[in-house]
Amino acid sequence: MRSSQHTPASFRDPSGFLFTRDGILYRQVNQVYQADYDLLMQSGLYERLLKSKKIIPHQEVDCPPAVPEIAYRVLQPERVEFISYPYEWSFSQLKDAALLTLSIQKTALEYGLSLKDASAYNIQFRNGRPLLIDTLSFAKYREGEPWAAYRQFCQHFLAPLALMAWTDARLSQWLRISIDGVPLELASRLLPLRTRIQPGLMIHIHLHASAQKRYAGQAEAAQKETGSRRMDKAALAALVDNLSGAVSRLRWEPKGTEWGDYYDSTNYTQAAFEHKRELIRSFLEQAGPRQVWDLGANTGAFSRIAAGMGILTVASDVDEAAVEKNYREVKKAKEKNLLPLVIDLTNPSPAIGWGNRERDSFLGRGPADLVMALALVHHLAISNNVPLPDLAAFFASLGEWLIIEFVPKEDSQVQRLLASRADIFPTYTREGFEAAFGEVFSLEEAVPIRESRRTLYLMKKR
Amino acid sequence: MLSLPATILINPAQYLDPGTGSLVLQLLLAAILAIGVVTRVFWKKIKALFGKDTPAAADPDDDEDEE
């Protein structure tokens, strides 16, 4: 029998699991989930969500299940080409994922189903917009029951969004620390006092945190107190609307960016900028990649050259504000091939979760076909002290091709980095750079950028 | 009959721990939210009575359907 491999992130829910066989991703639906799955498919909910592009399309296939004894069906979902995680999303990406989850829950209720989980990891970005990738998230709605995923929704979405909006956008990184979202009592303590008079946050975070504390381990007492209280469908729908309002009211405006005025400052004239664009386009045509990672992409000015050529382009930057602006542009222009992500290259997303295998590291999701490192090398080599041979090896591990810009010491951007520290980088010269990278790459092209001191290279891994 | 948190706790479709506090809060909110819904419906009827017809809200799906 052909071997199938259980996907490490897919173990919590007994309804089914993901596995791969011969490089194809499948989802086994288990017998225990039969009734709910049939209801999803027959109620019209799946069709409706498919039509509005809110759920991943799948086919029922004849492929043998990975664990036949408990299997009901095998599905082959369409593949999401690049998996990203909520701690890599900008504010609006997480907000859109939250609103999508609530809108799906609202629709599900109309069809007599309800989301049994509301995990941010069930949402992925494809073609520039979020969609639900977990087909098995639905269960038959049972009259009178509250929403079992309410707590998870607040932890995965509302709490991090509120922290980003009211405290600091960098607090999205709590999601990286805590696999099941931000604990509500922590969010409640970190949020400023004035959020206690915001009705949505007062109820769903502050009061919610107090209720959790008060009833922890008190299931029996809670039963006595609530007696025969019920939550009818209208109240549940109203709760979802209420959460939706609370999420919608959260705002965060990117104030400038770390590299905000980068293109306006001295290093690029219009001619240099245009020349760089032309070179990148021609290098991309030469290499013909299917997936590009633009590292240190800022707001995506150069990522859009690749995305515009129909290439799936991951545009990462360490700066929340730049990524937020990039995503807003993706939405505005309905761009399909661009995925902006918040990644700190000096400390990229590690593998996290159970057995360190639930969520893959950033590097583990590679290699890409081509990596772009534009105006980046000085930040890594000088600000982060990475020796040039290590940098070359790092880029070689990420992709087959590399478009890289060398920014020499005379450049004002490098001068700025060196202004406050000793120059301990005697090999940071064009010759030193070419020697180090030449060890692992063949230098296919090296073109000085017009009206600048910089050089743009196209390299191919040896 | 079992009270509500008990039924949800023994529902086999639920694999998450919904959290006792999270359930209690929802049950308490249910009453308030229901009042909100009734008030809104009532208010709409009153406005309709005086001819201030509010256009029906568009299906949120619709604006996302187009390509």
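## Points about the domain arrangement of chain A
Residues and elements named next belong to chain A. Considered domain by domain, chain A is made up of domain 1 (5–77), domain 2 (90–215 + 230–249) and domain 3 (270–461). The interface is formed by 17 residues belonging to domain 2 together with 20 residues belonging to domain 3. Both faces combined, the contact of domain 2 with domain 3 buries some 1400 Å², and carbon together with sulfur accounts for 50% of it. Together, Gln93, Arg176 and Ile179 form the three largest contributors to the area buried by domain 2 at its contact with domain 3, with a combined 37%. For the pair domain 2 and domain 3, the number of links is 1 salt bridge.

## Topic: the packing of aromatic side chains
All names here are of chain A. Within the structure shown, the criterion is met by 21 aromatic pairs over all chains. Their ring planes at 35° and their centres at 4.5 Å tell us that Phe433 and Phe437 sit as a pair that is tilted. Placement of both Phe433 and Phe437 in helix H16 (residues 430–438) is noted, with a separation of 4 residues, approximately one turn of the helix. With a relative accessible area of 0%, Phe433 lands in the buried category.

## Points about the sheet that holds strand S5 (residues 71–77) of chain A
Within a sheet, adjacent strands bond to each other through the backbone by hydrogen bonds, running parallel or antiparallel. Residues and elements named next belong to chain A. Taken in spatial order, the 5 strands line up as S1-S2-S3-S5-S4 in an open sheet, and their pairing is antiparallel. Either end of the sheet is taken by a strand with one partner, and the two such strands are strand S1 (5–6) and strand S4 (58–61). One ladder, built from 2 bridges, connects S1 with strand S2 (residues 16–21); its direction is antiparallel. Note that in S2 the partner of His6 across the bridge is Phe19. Against the sheet, helix H1 (residues 34–42) touches strand S3 (24–30), S4 and S5, its axis set at about 45° to S5.

About the criteria used
- Residues numbered from 1 in each chain as written.
- Chains lettered and ligands numbered in written order.
- Predicted model: local features only at pLDDT ≥ 70, side-chain atom pairs only at ≥ 80, totals over all residues.
- Heavy atoms only, no water.
- Domains from an automatic or database assignment.
- Contact = heavy atoms within 4.5 Å.
- Buried area = accessible area lost by both parts, 1.4 Å probe.
- Salt bridge = Lys/Arg side-chain N within 4 Å of Asp/Glu carboxyl O.
- Phe/Tyr/Trp six-rings, centres within 6.5 Å; stacked < 30°, edge-to-face > 60°.
- Helix = DSSP H or I, 4+ residues; strand = E, 2+ residues; numbered from the N terminus.
- Buried < 20%, exposed > 50% of the residue type's maximum accessible area, 1.4 Å probe, protein only.
- Pairing = 2+ DSSP bridges.
- Axes fitted to C-alpha atoms, helices over the stretch in contact; angles between N-to-C directions.

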